[in-house]
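# Summary of structural features
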Amino acid sequence: MATQRTLSIIKPDGVEKNLIGKIIARFEEEGLTPVAVRMVHLSQQEAEGFYAVHRERPFFDSLVEFMTRGPVVVMVLEGDDAIARNREVMGATNPDEADEGTLRKLYASGIEENTVHGSDSPENAAKEIKYFFSDVQVFPRG
Ligand code: CMP
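A brief report on the enclosed structure follows. Keep in mind that what you see is a predicted model, and the values were worked out from it rather than measured.

This part takes up the nonpolar core. Residues Ile9, Met67, Phe132 and Phe133 are the most contacted members of the largest nonpolar core, which totals 21 residues. Every element with two or more residues in this core is listed here: strand S1 (3-10), strand S2 (33-40), helix H3 (44-50), helix H4 (60-67), strand S3 (72-80) and helix H7 (122-132). By residue number, the principal contributor to this core is H4, which donates five residues. Look past the residues within four positions of Ile9 in its chain and what remains in contact with it is Phe50, Met67, Val72, Val73, Val74, Thr115, Val116, His117 and Phe132. Of all hydrophobic cores here, the second largest spans 15 residues; its members include Ile10, Ile23, Ile24 and Val73.

This is the structure in structure tokens:
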């Protein structure tokens, strides 16, 4: 299987519930190694830019408000098949539909406050990683 990198975000609800350590530990146990980590309080413009593809969705304003409500942890995770693996570990977007033991089943309170984000394709992973990190911030340094 190919080694990949994916962007992960621990969203404001995860940070508020003091889940940073638990979530990162789970990624490490699952073979998803953090190679860049940063805590950031997104501005409205940064959150809107990140979720630009959802701009026309009815939940867009609420999503931006949620994502700017407090700090988030953005990470690059590296591992075999990391994009799909991370999505398996996170579970479905809606925690009601997520498999037992997934991060969203364990920790998320709803479809919006769903604790973690993960890139959904290699193209988006590359875009999203670039949105938050320069090459020299990702190890081994680019
Ligand atoms: P994420 O994987 O970060 O991608 C887009 C986000 O929008 C998603 O997680 C949720 O936080 C949010 N989202 C998706 N669908 C809905 C919905 N129907 N209602 C509210 N928020 C949603």
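A separate point is the site of the ligand. As a matter of local geometry, the ligand sits amid Lys11, Tyr51, His54, Phe59, Leu63, Arg104, Ile111, Glu112, Asn114 and His117. Within the side chain of Lys11, one N or O atom sits 2.7 Å away from an oxygen atom of the ligand. Contacts to the ligand include Asn114, whose side-chain N or O atom sits 3.2 Å from an oxygen atom.

This paragraph deals with H7. Every buried residue of H7 is listed here: Ala125, Glu128, Ile129 and Phe132. Looking straight down H7, one finds that the buried residues subtend no more than 100 degrees of arc, so they occupy a single side. Among the exposed residues of H7, those oriented more than 90 degrees off its buried face are Glu123, Lys127 and Lys130. Where H7 is buried, its residues touch S1, S2, H3, S3, helix H5 (82-90) and strand S4 (116-118).

Strand order in the open sheet formed by four strands is S2-S3-S1-S4, with antiparallel pairing between adjacent strands. Since the sheet does not close on itself, it has two edges, and those belong to S2 and S4, each with one partner. This sheet shows a mean twist of 20 degrees between the axes of neighbouring strands, independent of strand direction. Of the pairings in the sheet, the one linking S1 to S4 comprises three bridges and is antiparallel in character. In the strand pairing of S4, Ile10 is matched with Val116. Running at roughly 35 degrees to S1, H5 makes contact with S1, S3 and S4 of the sheet.

What counts, and at which threshold
Think of each chain on its own: its residues are numbered from 1, step by step along the sequence as written. In keeping with the model being predicted, local features are shown solely for residues with a pLDDT of at least 70 and side-chain atom pairs are shown and tallied solely at 80 or more, while totals for entire chains, interfaces and linings include all residues. Only hydrogens and water are set aside; all other atoms, that is, all heavy atoms of the structure, feed into the side-chain values. By nonpolar core is meant a set of buried Ala, Val, Leu, Ile, Met, Phe, Trp, Tyr and Cys residues that side-chain atoms within 4.5 Å join together. Relative accessibility decides the category of a residue: with a 1.4 Å probe and only protein chains considered, values under 20% of the type maximum give buried, values over 50% give exposed, and everything between is partly exposed. Starting at the N terminus, helices and strands are each numbered in turn, a helix being any DSSP run of H or I of at least four residues and a strand any DSSP run of E of at least two. The contact rule is simple, with two residues in contact once any of their heavy atoms fall within 4.5 Å. We call a residue near a given molecule or strand whenever any one of its heavy atoms falls within 4 Å of it. Whenever a nitrogen or oxygen atom comes within 3.5 Å of another N or O atom, the pair is scored as a polar contact, on the condition that within protein one atom can donate a hydrogen and the other can accept it, and that pairs from neighbouring residues in sequence are kept only if both atoms are in side chains. This arc is built from the directions going out from the helix axis to the C-beta atoms. A pair of strands is considered paired only if DSSP assigns at least 2 bridges between the two. To get an axis, fit a line to the C-alpha atoms, keeping to the stretch in contact for a helix; angles then go from 0 to 180 degrees between the N-to-C directions.

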